[in-house]
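Overview (structure and organization)
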Amino acid sequence: MRVQTSGRAAFLALADALVPLTGHYDLVVVDSPPENVMLVDLALGAARWVLMPTRSDSGGLVGIRLVAERFSLAREINPSVGLLGVVLFGTLSSARAIHAEVRADVAAAFGGGFDRC
């Protein structure tokens, strides 16, 4: 496995593979499930911004925490990666209490406040 032989630099493999494409696209979207740690690490190593879709159920909150843990580690390899936001889906826009709870969970996981959720 490349991580064993190359160490943390292996997490830049996706970034290295995308470099030749950057002049042709304004935006590249990498979708990765939070439970696939290797893919999340590769995506975070290549990303400038992270936009995380989530649900307000327990699985969504676990996913937020998983990505937040990997996000902290990724910043050591890719210091320019930033959290653009979290998009809550599958919840009515009038569910203000649920939105506030998810906002608090995201802030706790990522160590920052968010104005809108």
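Our next topic: a nonpolar patch on the surface. Together, Leu-21, Tyr-25, Val-28 and Val-30 line one region of the surface with nonpolar side chains, adding up to about 350 Å² of accessible area. With respect to the helices and strands, the residue Leu-21 is situated in the loop between α2 (13–18) and α3 (37–46).

What follows concerns the packing of aromatic side chains. Both the distance between ring centres and the angle between the ring planes are used here to describe each pair of aromatic rings. What the rule picks out here adds up to one aromatic pair. Each ring, one from Phe-71 and one from Phe-110, has its centre 5.4 Å from the other, and the planes form 75 degrees; the classification is edge-to-face. One end of the pair, Phe-71, is in helix α4 (residues 58–77); the other, Phe-110, is in helix α5 (residues 96–110), with 39 residues separating them in the sequence. Across from the ring centre of Trp-49, 4.1 Å away, lies the NZ or CZ of Arg-48, which sits over that ring.

Okay, the nonpolar core next. The biggest cluster of nonpolar side chains holds 18 residues, and the ones touching the most others in it are Leu-44, Val-50, Phe-71 and Phe-110. If you list the elements that add at least two residues to this core, you get α3, β1 (49–54), α4, β2 (82–88) and α5. Not counting residues up to four positions away in its chain, the partners in contact with Phe-110 are Met-52, Ile-64, Val-67, Ala-68, Phe-71 and Leu-83.

Attention shifts here to α5. Side chains three or four residues apart in an α-helix point the same way, a direct result of the helix having 3.6 residues per turn. The terminal C-alpha atoms of α5, which comprises 15 residues, lie 21 Å apart, in line with the 21 Å expected from a rise of 1.5 Å per residue. Inspection of α5 places His-99, Val-102, Val-106 and Phe-110 among the buried residues, and these make up the whole buried set. Summarising the axial view, the buried residues of α5 lie within an arc of 65 degrees, below the 170-degree limit, and thus occupy one face. Of the residues in α5, the exposed ones pointing more than 90 degrees away from the buried face are Ala-97 and Ala-108. Where α5 is buried, its residues contact β1, α4 and β2. Note on α5: the residue one or two positions beyond its end, Gly-111, has a positive phi of about 70 degrees.

In this section: the layout of surface pockets. Taken as a whole, the largest pocket spans an internal volume of roughly 1000 Å³. Around the largest pocket, the lining is made up of 39 residues, and of these Val-30, Ala-47, Trp-49, Val-50 and Leu-51 lie nearest the centre. Those elements that provide at least two residues to the lining of the largest pocket are α2, α3, β1 and α4. In terms of residue count, the dominant contributor to the lining of the largest pocket is β1 (six residues).

Conventions we followed
Residues numbered from 1 in each chain as written. Predicted model: local features only at pLDDT ≥ 70, side-chain atom pairs only at ≥ 80, totals over all residues. Heavy atoms only, no water. Patch = residues over 30% accessible without salt bridge, like charges linked within 9 Å, V, L, I, M, F, W, Y side chains within 5 Å. Areas by Shrake-Rupley, 256 points an atom, 1.4 Å probe, with all protein chains shown as cover. Salt bridge = Lys/Arg side-chain N within 4 Å of Asp/Glu carboxyl O. Helix = DSSP H or I, 4+ residues; strand = E, 2+ residues; numbered from the N terminus. Phe/Tyr/Trp six-rings, centres within 6.5 Å; stacked < 30°, edge-to-face > 60°. Lys NZ or Arg CZ within 6 Å of the ring centre and 35° of its normal. Core = buried A, V, L, I, M, F, W, Y, C linked by side-chain atoms within 4.5 Å. Buried < 20%, exposed > 50% of the residue type's maximum accessible area, 1.4 Å probe, protein only. Contact = heavy atoms within 4.5 Å. Expected span 1.5 Å × (residues − 1). Arc of directions from axis to C-beta. 1 Å grid on protein atoms, 1.4 Å probe; cavity = no way out; pocket = protein on both sides within 12 Å on 5 of 7 lines; lining within 4 Å. Points joined across faces, edges and corners; volume = space filled by probe spheres on them.

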